[in-house]
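Below are the chains, spelled out letter by letter.
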Amino acid sequence: MNARQTIAARRSIRKFRSDPLPAGALDAILDAARQAPSAKNRQPWKLTVVAGEKRAEMCRAFRDAIEQMEAAGESSGSARGTLACMEQAPVTVFVHCPGVAHPWQPRGENSLWMEFADIQSVGAAIENMLLAALDLGIGSLWIADVWTAYAQLNAWLGSADMMVAAVSFGFADESPAARPRKPRSETVRVL
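What counts, and where the lines are drawn
- Residues numbered from 1 in each chain as written.
- Predicted model: local features only at pLDDT ≥ 70, side-chain atom pairs only at ≥ 80, totals over all residues.
- Heavy atoms only, no water.
- Pairing = 2+ DSSP bridges.
- Helix = DSSP H or I, 4+ residues; strand = E, 2+ residues; numbered from the N terminus.
- Axes fitted to C-alpha atoms, helices over the stretch in contact; angles between N-to-C directions.
- Parallel < 35°, antiparallel > 145°, perpendicular 65-115°, else oblique.
- Left-handed = near helix turned anticlockwise from the far one by under 90°.
- Contact = heavy atoms within 4.5 Å.
- Nonpolar A, V, L, I, M, F, W, Y, C, P; charged D, E, K, R; others polar.
- 1 Å grid on protein atoms, 1.4 Å probe; cavity = no way out; pocket = protein on both sides within 12 Å on 5 of 7 lines; lining within 4 Å.
- Points joined across faces, edges and corners; volume = space filled by probe spheres on them.

In a beta sheet, neighbouring strands pair by backbone hydrogen bonds and run either parallel or antiparallel. Ordered in space as 1-2-4-3, the 4 strands form an open sheet in which the pairing is antiparallel. Of all strands in the sheet, those with a lone pairing partner are strand 1 (46-51) and strand 3 (139-143), marking the two edges. Averaged over all neighbouring strand pairs, the angle between strand axes comes to 20°, with direction disregarded. Pairing of strand 3 with strand 4 (residues 162-170) involves 5 bridges; the strand directions are antiparallel.

This is how it looks when you write it as structure tokens:
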């Protein structure tokens, strides 16, 4: 596949087989993240790989947070579905952005602009991982709703950095169709 075909073929996988990733595949995916463009070449990402026996601990931390939220009468949204995906995937990579304030912390205008640039850079690193995984025949799921268990997962990971997202990887046990896209007329403005 060429790059445009890979972009068009990428899907969010929510059902994974239990097969482990082949030797070298995870390294190739992580190296793709390292190759992402970044503002001022700051490369502001920190990746934490969770695999093997640690997956059960990760899922327990996530489940406990969901249960605490629901016990307090708050909606956990799609978090239970996300947890089910993470339980199946052989590997989950947490993506942090050191030096960026947590969402609830105050920040000055000057730091805000650099933080925006850093988070955009982290997004590029995540997208590179997704595309590299597909190129290797591996499915992926970009997980944004880790916010449900933000404090608990960060504590379990031993991280004080801002958690941006997680990405689960594994061989797909489904073949979802392409999701609808808005027409170009709604998303592009040409002057």
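Two numbers describe how helix 3 (residues 54-71) lies on helix 6 (residues 150-157): the axes approach to 8 Å, and their chain directions differ by 150°. Taken together, helix 3 and helix 6 sit at an angle that is classed as roughly antiparallel. For helix 3 against helix 6, the interelement crossing comes out right-handed. Between helix 3, through Lys54, Glu57, Met58, Ala61, Phe62, Ala65 and Gln68, and helix 6, the contact on the second element is made entirely by Gln152, Leu153 and Trp156. Class assignment of the residues belonging to the contact of helix 3 with helix 6 gives a composition of 6 nonpolar, 2 polar and 2 charged.

Right, let's get into the layout of surface pockets. Here the largest pocket is characterised by a volume of approximately 280 Å³. Together, Ile7, Ala8, Arg10, Arg11, Ser12, Arg14, Pro176, Ala177, Ala178, Arg179 and Arg181 line the largest pocket. Residue classes in the lining of the largest pocket are distributed as 5 nonpolar, 1 polar and 5 charged.

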